[in-house]
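Chain and residue survey
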Amino acid sequence: WGLAPWIQSSALPWIQNKIHARQHTQIATVLASTRTPKADAPALANPHAPAFETATLDQLRQMAEKGDPVAENALGLRYAAGQDVKLNESEAVRWFTKAAEQGYVPAQSKLGSLYYSGRGVPEDAKQAYFWMVIARFGGDEASKTLAPFVRARLTRVDITNIELEADRWLQEHHTAAPKPAASQ
């Protein structure tokens, strides 16, 4: 009851916007991110590299195995959707984790959602919140929206510890980036 005004004023318009945006999307995706791949991403810098949506599974796997975070994320999407491979959410989590650890925000967001829902990994609100804090710092809107719900399932001590751990992770991976506020 207490969340009803917030849901109507903030969450509902966001959800409606996402649904409306998906209706105009030409490529069906699973666990799609709110951010598009950056043009300066390693695999996209090569004009001869196949587009991730049209790449064969072998091409995508080759790029992912070379450490390309955009390809790792795309391969994770394929496993999460069962596209050209047997549906395997655990394998999807493995590829999303590789991309997320390299700082790829869409994969960080997906990991937060997967840990929250327990898809491909045991349900874990602490891990979900950690990845949501990281993705939120990178500007991911979905994580900004979902994080308060995950946070409500944690203790103050857990929240503080996770935010400190996320701050350390961000410092190690993004030395020039400003620190996120503890209240975010």
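This write-up is about the structure you can find in this document. (Residues numbered from 1 in each chain as written. Predicted model: local features only at pLDDT ≥ 70, side-chain atom pairs only at ≥ 80, totals over all residues. Heavy atoms only, no water.)

**Topic: the packing of helix 5 (residues 105-117) against helix 6 (residues 125-137)**
The geometry of helix 5 relative to helix 6 is characterised by a closest axis approach of 7 Å and an angle of 155 degrees between their N-to-C directions. Here helix 6 runs roughly antiparallel to helix 5, going by the angle between their axes. Here the hand of the crossing between helix 5 and helix 6 comes out left-handed. Here Val-105, Gln-108, Ser-109, Leu-111, Gly-112, Ser-113, Tyr-115 and Tyr-116 of helix 5 lie close against helix 6, whose contacting residues are Gln-127, Ala-128, Trp-131, Met-132, Ile-134 and Ala-135. A class-by-class count of the residues in the contact of helix 5 with helix 6 yields nine nonpolar, five polar and no charged. (Axes fitted to C-alpha atoms, helices over the stretch in contact; angles between N-to-C directions. Helix = DSSP H or I, 4+ residues; strand = E, 2+ residues; numbered from the N terminus. Parallel < 35°, antiparallel > 145°, perpendicular 65-115°, else oblique. Left-handed = near helix turned anticlockwise from the far one by under 90°. Contact = heavy atoms within 4.5 Å. Nonpolar A, V, L, I, M, F, W, Y, C, P; charged D, E, K, R; others polar.)

**Points about the environment of Glu-123**
The residue Glu-123 is located in the loop between helix 5 and helix 6 in this model. We classify Glu-123 as partly exposed; its relative accessible area is 48%. In the structure, Glu-123 is positioned ten residues away from Ser-113 in sequence and 9.8 Å away in space, judged by C-alpha atoms. Dropping the residues within four chain positions of it, Glu-123 is found in contact with Tyr-115, Tyr-116, Ser-117, Gly-118 and Arg-153. A polar atom in the side chain of Glu-123 sits 2.5 Å from the side chain of Arg-153. (Buried < 20%, exposed > 50% of the residue type's maximum accessible area, 1.4 Å probe, protein only. Polar contact = N/O pair within 3.5 Å; in protein donor to acceptor, adjacent residues only side chain to side chain.)

Taken by themselves, the reported measurements are silent on function.
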